[in-house]
Amino acid sequence: MYCLPIEQINRISPYKVEIASDGNSLIFHTRYGLTYEAGFVEDYTFFDENTYQFFIVEKNGNHVLKDSLVRKTVWAIVEVFFQENSNVLLYVCDTSDGRQAIRDRLFDIWFHEYEKRGEYMHFTAKVESDSICYFASVILKITHPQIDEIRDAFELFTEEMKDKLS
């Protein structure tokens, strides 16, 4: 996992964020008793350097209740991630339960509700096969020096995925 300064996250996060016991992710508990795990894993899927895949899951498999504090906590984590570096963030929606379209829509809503969204570029893609739709997003600072190369690499990656799945 990519390590972040937890005290910096907690200064701006409505929910208290902790480092998980294994040290590989972050954990936070909601007022509704849900426990979320979030983190960053280095990724070389479409770009060769400084790209991390972001994940967030509810640890007990419970369905997400509408809780704006979850969104604000996730953005606190992401914001600190970008304050620490000029990396690229890849988010791929989990397909294991067929709810990937809902996850994609929620992430898109969260992004558009984020008050600092103007500081970021957000590229999205939907790749369909006969049986599954895959959704992916890339977020990076608008000041990133390789923004055009990253956009091109993401577009090429999604086109190659479409070709492989058709």
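Going by the structure above, here's the rest.
All values derive from a computational prediction rather than experimental measurement.

**Structural notes on the side chain of Asp 104**
Turning to step 1, where the next piece is worked out: Counting through the fold element by element, Asp 104 comes out in helix H3 (residues 100-113).
Turning to step 2, where the next piece is worked out: The residues contacting Asp 104, other than those within four sequence positions of it, are Cys 93, Phe 135 and Ser 137.

**Description of the pattern of salt bridges**
Turning to step 1, where the next piece is worked out: As enumerated under the stated definition, the model contains nine salt bridges in all.
Turning to step 2, where the next piece is worked out: Asp 67 is the partner of Arg 31 in a salt bridge, and the nearest nitrogen-oxygen pair spans 3.5 Å. Placement of Arg 31 in the loop between strand E2 (26-29) and strand E3 (35-42) and of Asp 67 in the loop between strand E4 (51-58) and helix H2 (68-84) is noted, with a sequence separation of 36 residues between them.

**A word on the layout of surface pockets**
Turning to step 1, where the next piece is worked out: Taken as a whole, the second largest pocket encloses approximately 200 Å³ of empty space.
Turning to step 2, where the next piece is worked out: Forming the walls of the second largest pocket are 10 residues, and the residues nearest its centre are Lys 66, Asp 67, Leu 106, Trp 110 and Glu 113.
Turning to step 3, where the next piece is worked out: Among the secondary structure elements, those contributing two or more residues to the lining of the second largest pocket are H2 and H3.
Turning to step 4, where the next piece is worked out: Per element, the largest residue contribution to the lining of the second largest pocket is four residues, and it comes from H3.
Turning to step 5, where the next piece is worked out: Along the lines of polarity and charge, the residues of the lining of the second largest pocket split into five nonpolar, one polar and four charged.

**What to know about the environment of Ile 19**
Turning to step 1, where the next piece is worked out: Topologically, Ile 19 is positioned in strand E1 (residues 17-19).
Turning to step 2, where the next piece is worked out: Classification of Ile 19 by relative accessible area gives partly exposed; the value is 49%.
Turning to step 3, where the next piece is worked out: Every residue in contact with Ile 19, bar those within four places of it in the chain, is listed here: Ile 6, Ser 25 and Leu 26.

**Structural notes on the nonpolar core**
Turning to step 1, where the next piece is worked out: In terms of nonpolar packing, the biggest core is built from 34 residues, with Ile 9, Phe 28, Phe 54 and Ile 77 touching the most fellow members.
Turning to step 2, where the next piece is worked out: Elements supplying a minimum of two residues to this core: helix H1 (6-12), E2, E3, E4, H2, strand E5 (88-92), H3 and strand E7 (133-141).
Turning to step 3, where the next piece is worked out: At 10 residues, H2 tops the list of elements feeding residues into this core.
Turning to step 4, where the next piece is worked out: Beyond its immediate chain neighbours, meaning those up to four positions away, Phe 28 contacts Tyr 15, Lys 16, Val 17, Leu 34, Thr 35, Tyr 36, Ile 56, Val 70, Thr 73, Val 74 and Ile 77.
Turning to step 5, where the next piece is worked out: The next biggest cluster of nonpolar side chains, apart from the first, holds 14 residues, and it includes Phe 46, Val 138, Ile 147 and Phe 157.

Definitions and cut-offs
Here, residues in each chain are numbered from 1, in the same order as that chain's written sequence. At least 70 in pLDDT is required for a residue's local features to be given in this predicted model, at least 80 for side-chain atom pairs to be given and counted, and no such filter applies to totals for whole chains, interfaces and linings, which use all residues. In computing side-chain properties, one takes all heavy atoms of the structure into account and sets aside hydrogens as well as water. Under the scheme used here, helices are H or I runs from DSSP no shorter than 4 residues and strands are E runs no shorter than 2 residues, and both carry numbers assigned from the N terminus. For this analysis, residues touch if any pair of their heavy atoms sits within 4.5 Å. Whenever Lys or Arg places a side-chain nitrogen within 4 Å of a carboxyl oxygen from Asp or Glu, that contact is recorded as a salt bridge. Buried and open spaces are told apart on a 1 Å grid over the protein atoms alone, a cavity being a set of points where a 1.4 Å probe fits but cannot get out and a pocket being an open set with protein on both sides within 12 Å along at least five of seven lines. Residues with an atom within 4 Å of a point are the lining residues. Grid points are joined across faces, edges and corners, and a volume is the space filled by probe spheres set on the points. The nonpolar class holds Ala, Val, Leu, Ile, Met, Phe, Trp, Tyr, Cys and Pro. Asp, Glu, Lys and Arg form the charged class, and all remaining residues, Gly among them, are polar. Throughout this description, buried means an accessible area under 20% of the type-specific maximum (1.4 Å probe, protein chains only), exposed means over 50%, and partly exposed covers the range between. Within this scheme, the nonpolar core is defined by two criteria: the residues are buried Ala, Val, Leu, Ile, Met, Phe, Trp, Tyr or Cys, and they are joined through side-chain atoms within 4.5 Å.

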